[in-house]
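Residue-level structural notes
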Amino acid sequence: MKERARILVVGGGYVGMYTALRLQRKLKRELARGAAEITVVTPDPYMTYQPFLPEAAAGAISPRHVVVPLRRVLDRCHIVIGEASAIDHAARVATVTTLADREKDSGGKSGGGRAVAYDELVLAPGSVSRTLPIPGLADHAIGFKTLEEAIGLRNHVLEQMDIASSTRDPAIRDAALTFVFVGGGYAGVEALGELEDMARYTTRYYHNLRPEDMKWILVEASDRILPEVGEEMGRYTVSELRRRNIDVRLETRLESCADRVAVLSDGARFPTRTVVWTAGVKPHPVLAATDLARDARGRLRCTAELAVEGAPHAWAAGDAAAVPDATAEDPGRECAPNAQHALRQAKVLADNIAHSLRGEPLQAYAHSYAGSVASLGLHKGVAHVYGRKIKGYPAWFMHRTYHLSRVPTFNRKARVAAEWTLAGLFKREIVSLGSLEHPRAEFELAAGGKPSQDPPDNPKGSS
């Protein structure tokens, strides 16, 4: 092992956090004597456990319990809040823009970025929402990939119910109570299921709103939803959603949402104030700013040992990596970019970095896909695990049990379990805290200024 190994981890999500966590355990002695150092560059000081975003949006879990503080978990790592804007692996240098650099830029000074030298590079920046050039999408839609988006969407849905309850204009009321979700994967179906469940429960506290007044529409371009749980469970999910008066439109695309009107490819038009975009993801833009090999989809081409092809001392896993599936019967097949693989890849990746530093043989990643579970709201779900198809309450219970076992740290496990227990004993929370998105508005108004926020019909953080 060299005198001092500098390990740079780009990304603080699933792969980034778990890789750094395992590295600080595997290299405990080297870190103690200064023979190794681990730097984690991440835009947020926490890791978001994304499978819990739908429940956070529905109010079943407190937002702060969906995230894991990196500084507490990675106590032997150097955490840098910022983003890598470029990587020159040939020179072993990454350009990192920190919060301080952004402050300089906003003050009229050129903050630029700083060069961070490294010996071993772990690229785990995750993915970003894949959007299309649809008129009005950038102006009115909201994603469902971050905690801020999930909580913003919850506040927005409850705010729309307040708007509908307080107006006599049928056009405003109809648009406020129409919710369009685009994308029939996990994010779209689970978010729709949880929020519809929450909104239907909330109507009991409005004197002039009924569940049937709301329109929930799921738009999917392919001929099935939730392909991960299999065709039979996908059909069951469609029938279950339609039984709840949710309009599921397969083989249909969103063509426009300009002027707050959702126009679909089948000719339907829905005036709406809510368009949620969950139609897929794409690799993080930083991958294009590297000198590393990428595939046609923009992901890093990796070996079975999770090393980037043709780039010694560069490693990748998760959404950013195209990793060959060693368990597949078909040659050339790659691992699916999901949490199940990401968690296991992170462990192998960290072990291989430690093996590489010590001159030991590397381990190939191999994991047979166990199956998938999805929640469709309280006490409703679907699952396809080890060939067995499960639906209804058992699938929902399995969903909660599995993710409770996977959320990092005992602290978070205990808090989530306690919240679920309390939720079973008491009523749902139905309060919108949309004003949190503009914390200075009230003071600015009191001070005689004009609140610096978006117009009321388009609040920041909501569609």
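One can find the structure itself at the top, above this paragraph.
Note that the coordinates shown come from a computational prediction; the quantities given were computed from them, not determined experimentally. (Residues numbered from 1 in each chain as written. Predicted model: local features only at pLDDT ≥ 70, side-chain atom pairs only at ≥ 80, totals over all residues. Heavy atoms only, no water.)

To continue, consider the overall build of the protein. From N to C terminus, the protein includes 14 helices and 24 strands. In terms of C-alpha radius of gyration, the protein reaches 23 Å, essentially the compact-globule figure of 23 Å for 463 residues. Projected onto the principal axes, the alpha-carbon positions of the protein cover approximately 75 × 60 × 45 Å. Counting every position in the protein, which comprises 463 residues, the buried fraction comes to 51%. (Helix = DSSP H or I, 4+ residues; strand = E, 2+ residues; numbered from the N terminus. Rg over C-alpha atoms; globule rule 2.2 N^0.38 Å. Buried < 20%, exposed > 50% of the residue type's maximum accessible area, 1.4 Å probe, protein only.)

This part takes up helix H10 (residues 231–243). Here H10 spans 18 Å end to end across 13 residues, near enough to the 18 Å set by a 1.5 Å rise per residue. Along H10, the residues classified as buried are Met233, Gly234, Thr237, Val238, Glu240 and Leu241. What you see down the axis of H10 is that its buried residues fit within an arc of 165 degrees, all on one side. Across from the buried face of H10, at angles greater than 90 degrees, the exposed residues are Glu231, Arg235 and Arg243. On its buried face, H10 sits against helix H9 (186–202), strand S12 (215–219), strand S13 (246–249), strand S23 (381–385) and strand S24 (388–391). Trailing H10 by a residue or two, Asn245 shows a phi angle of about 65 degrees, which is positive. (Expected span 1.5 Å × (residues − 1). Arc of directions from axis to C-beta. Contact = heavy atoms within 4.5 Å.)

By the element assignment, Ser356 lies in helix H11 (residues 339–357). Through-space distance from the C-alpha of Ser356 to that of Leu21 is 17 Å; in sequence the pair is 335 residues apart.

With that settled, consider the nonpolar core. Residues Ile38, Leu74, Leu123, Phe181 and Trp216 are the most contacted members of the largest nonpolar core, which totals 113 residues. It is H11 that provides the largest number of residues to this core, a total of nine residues. Beyond its immediate stretch of four places on either side in the chain, Phe181 contacts Leu153, Gly188, Ala191, Leu192, Leu195, Trp216, Ile217, Leu218, Val219 and Val276. Among the nonpolar cores identified, the runner-up in size contains 15 residues, and Val219, Ala262, Ala268 and Ala279 belong to it. (Core = buried A, V, L, I, M, F, W, Y, C linked by side-chain atoms within 4.5 Å.)

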